[in-house]
Amino acid sequence: MENENTPFKAGLNSGLILGLISVVLTYVIYFVDSSLLAAWYVGIGIFVLFIGLIIYFGIQYRNSIGGYMPFGAAFNFSFITLVVAGIIGVLANILLFTVVDPALPNVLVDAQMETQMAMLDKFGAGDSISSEQLDEMRTNLQNAYTPFGQLKGFGFLLIGYAIFALILGAILKKRDKSLDF
């Protein structure tokens, strides 16, 4: 029996690698300066790194199966990679926020509140927010760091993962033009 490397297996392996990279990056950033975990530019930097790594792993997989990959296989590879990495990342975050440093969510909420208030002040709307609205914003941010909030956020991320997997599938697909008649 031939040991075929399916998009699922390749996506699982790539997702495990990306998930471990995610955990290492998260914990390194936490130990350097925990408030950076709430910084938008850190999130975008990690996102760009992951997209680049998924493309790299996808090209490696495509080359390992003969240099050609249909869109469906490319989508499956990308989606599985994102989901596996996401599950590992969520579990690591739940561990970080509940076991390693239960006070961290409050630090991150404070940093996010400062960022949001600075943005509202920049647009001239900072003074028009009531204390009830501020309390509601704080409560919503705090709820996002609970285990249930992390799982709920991951549910919404699945929609984003599907969209990015479509884009990555279009990038990674390569058709064998010699089969065209």
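For the structure itself, look to the data block above.
Residues numbered from 1 in each chain as written. Predicted model: local features only at pLDDT ≥ 70, side-chain atom pairs only at ≥ 80, totals over all residues. Heavy atoms only, no water.

A.B. asks: Which residues make up the pattern of salt bridges, and what values do they have?
C.D. replies: A complete count under the given rule lists one salt bridge for this structure. Here Asp-110 and Arg-138 are joined by a salt bridge, their closest N and O atoms 2.8 Å apart. Taken as a pair, Asp-110 in helix α4 (residues 104-122) and Arg-138 in helix α5 (residues 131-144) lie far apart in primary sequence, 28 residues in all. Among the residues examined, Asp-110 registers a relative accessible area of 35% and is labelled partly exposed. By relative accessible area, which is 29% here, Arg-138 ends up partly exposed. (Salt bridge = Lys/Arg side-chain N within 4 Å of Asp/Glu carboxyl O. Helix = DSSP H or I, 4+ residues; strand = E, 2+ residues; numbered from the N terminus. Buried < 20%, exposed > 50% of the residue type's maximum accessible area, 1.4 Å probe, protein only.)

A.B. asks: I'd love a proper account of the side chain of Gln-150, names of residues and values included.
C.D. replies: Relative to the helices and strands, Gln-150 is located in helix α6 (residues 147-172). The exposure class assigned to Gln-150 is buried, which follows from its relative accessible area of 11%. At 3.0 Å, the side chain of Gln-150 and the backbone oxygen of Ala-144 are in polar contact. Look past the residues within four positions of Gln-150 in its chain and what remains in contact with it is Val-90, Asn-93, Ile-94, Phe-97, Ala-144 and Tyr-145. (Polar contact = N/O pair within 3.5 Å; in protein donor to acceptor, adjacent residues only side chain to side chain. Contact = heavy atoms within 4.5 Å.)

A.B. asks: Run through α4, naming residues and quoting values.
C.D. replies: What sets the pattern is the α-helix's 3.6 residues per turn: residues three or four places apart point alike. Look at α4: 27 Å from first C-alpha to last across 19 residues, which is about the 27 Å you get at 1.5 Å a residue. Where α4 is buried, its residues meet α1 (7-33), α3 (71-100) and α5. A positive phi of about 80° marks Gly-124, the residue just after α4. (Expected span 1.5 Å × (residues − 1).)

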